[in-house]
Amino acid sequence: MHIGHSTGGGEVVRYIARHGESRVAKAVLISSVPPLMLQTDANPGGLPKSVFDGCRPNSSPTDRCSIGAAVWPFYGFNRPGVESSEAIIENWWRQGMMGGAKAHYDGIVAFSQTDFTEDLKKISVRCW
């Protein structure tokens, strides 16, 4: 069984599409990015590119410590009536500071603009 959350859902889909289903009984995609997060003509319900571009400076090598700013929309803290959690914010910042600046910066493009539509068409195992 292959299980993927968020960007990991894309990893599950891409793995199965590339390597086949012979060793896959089931796949679980939990709040994952496939088929596509970006708004396009083919995906009008996606998010505009400007949303993702707005996150990129927060992982810029010139301003590493501001990575915590991206936590607000990611966890929904920017929504009316939602209380933020200092523990979640601090943990997000800790994880962000442990990762590579370039990987974080480029990763935003990878998870937001990768179109998994054709990969999904190759999967016939049951997905939940």
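Above this text is the structure in question.
What you see is a predicted model; the values in this text were computed from it and never measured. (Residues numbered from 1 in each chain as written. Predicted model: local features only at pLDDT ≥ 70, side-chain atom pairs only at ≥ 80, totals over all residues. Heavy atoms only, no water.)

Caption draft 1: Examining the packing of aromatic side chains more closely. Counted according to the given criterion, the structure contains one aromatic pair. Taking 6.0 Å as the distance between ring centres and 85° as the angle between the ring planes, the aromatic pair formed by Phe52 and Phe111 counts as edge-to-face. Taken as a pair, Phe52 in helix 2 (residues 49-53) and Phe111 in helix 5 (residues 101-113) lie far apart in primary sequence, 59 residues in all. The class of Phe111 is partly exposed, set by a relative accessible area of 25%. (Phe/Tyr/Trp six-rings, centres within 6.5 Å; stacked < 30°, edge-to-face > 60°. Helix = DSSP H or I, 4+ residues; strand = E, 2+ residues; numbered from the N terminus. Buried < 20%, exposed > 50% of the residue type's maximum accessible area, 1.4 Å probe, protein only.)

Caption draft 2: Representation of the nonpolar core in the model. Counting residues in hydrophobic clusters, the biggest one holds nine residues: Val12, Val13, Ile16, Val24, Ala27, Val33, Phe116, Ile123 and Val125. Here this core takes three residues from helix 1 (residues 7-19), the largest share from any one element. For Ile123, the contacting residues outside a window of four places in its chain are Val13, Ile16 and Glu21. (Core = buried A, V, L, I, M, F, W, Y, C linked by side-chain atoms within 4.5 Å. Contact = heavy atoms within 4.5 Å.)

Caption draft 3: Looking closely at helix 4 (residues 86-98). Given a rise of 1.5 Å per residue, 13 residues ought to cover 18 Å, and the 18 Å separating the end C-alpha atoms of helix 4 matches this to within 8%. Residues of helix 4 that are buried: Ile89, Trp92 and Gly96. Seen from one end, helix 4 has its buried residues packed into an arc of 60°, which puts them on one side. Across helix 4 from its buried face, at more than 90 degrees, point the exposed residues Ala87 and Met98. (Expected span 1.5 Å × (residues − 1). Arc of directions from axis to C-beta.)

Caption draft 4: Geometry of the environment of Glu21. Among the secondary structure elements, Glu21 is positioned in the loop between helix 1 and strand 2 (27-30). The class of Glu21 is partly exposed, set by a relative accessible area of 23%. Taking the C-alpha atoms as reference points, Glu21 and Ser124, 103 residues apart in sequence, are found 8.0 Å from one another. Engagement of the side chain of Glu21 in a polar contact is seen with the backbone nitrogen of Val125, the distance being 3.2 Å. (Polar contact = N/O pair within 3.5 Å; in protein donor to acceptor, adjacent residues only side chain to side chain.)

Caption draft 5: The arrangement of the side chain of Asp119 in detail. Looking at where Asp119 falls in the secondary structure, it is placed in helix 6 (residues 117-121). Note on Asp119: relative accessible area 10%, which makes it buried. Within the local environment of Asp119, its side chain forms a polar contact with the side chain of Arg14, the two groups lying 2.8 Å apart. Apart from residues no more than four positions distant in its own chain, Asp119 is found in contact with Val13, Arg14 and Ala17.

Caption draft 6: Summary view of unusual backbone geometry. Geometrically, the link from Pro34 to Pro35 is a cis peptide bond, its omega value of 5° lying close to zero. Inspection of the secondary structure assignment puts Pro35 in the loop between strand 2 and helix 2. Even without being a glycine, Ser6 presents a positive backbone phi close to 60°. Of note in this structure, Ser31 is not a glycine but carries a positive phi near 45°. Residue position: Ser31 is located in the loop between strand 2 and helix 2.

Caption draft 7: Representation of the pairing of strand 1 (residues 2-5) in the model. As judged from the four bridges shared by strand 1 and strand 2, these two strands associate in the parallel manner. Within the sheet, the bridge partner assigned to Ile3 lies in strand 2 and is Val28. Following the chain from strand 1 across helix 1 to the adjacent parallel strand 2, one finds a crossover that is right-handed. (Pairing = 2+ DSSP bridges. Right-handed = clockwise from strand over helix to strand, strands pointing away.)

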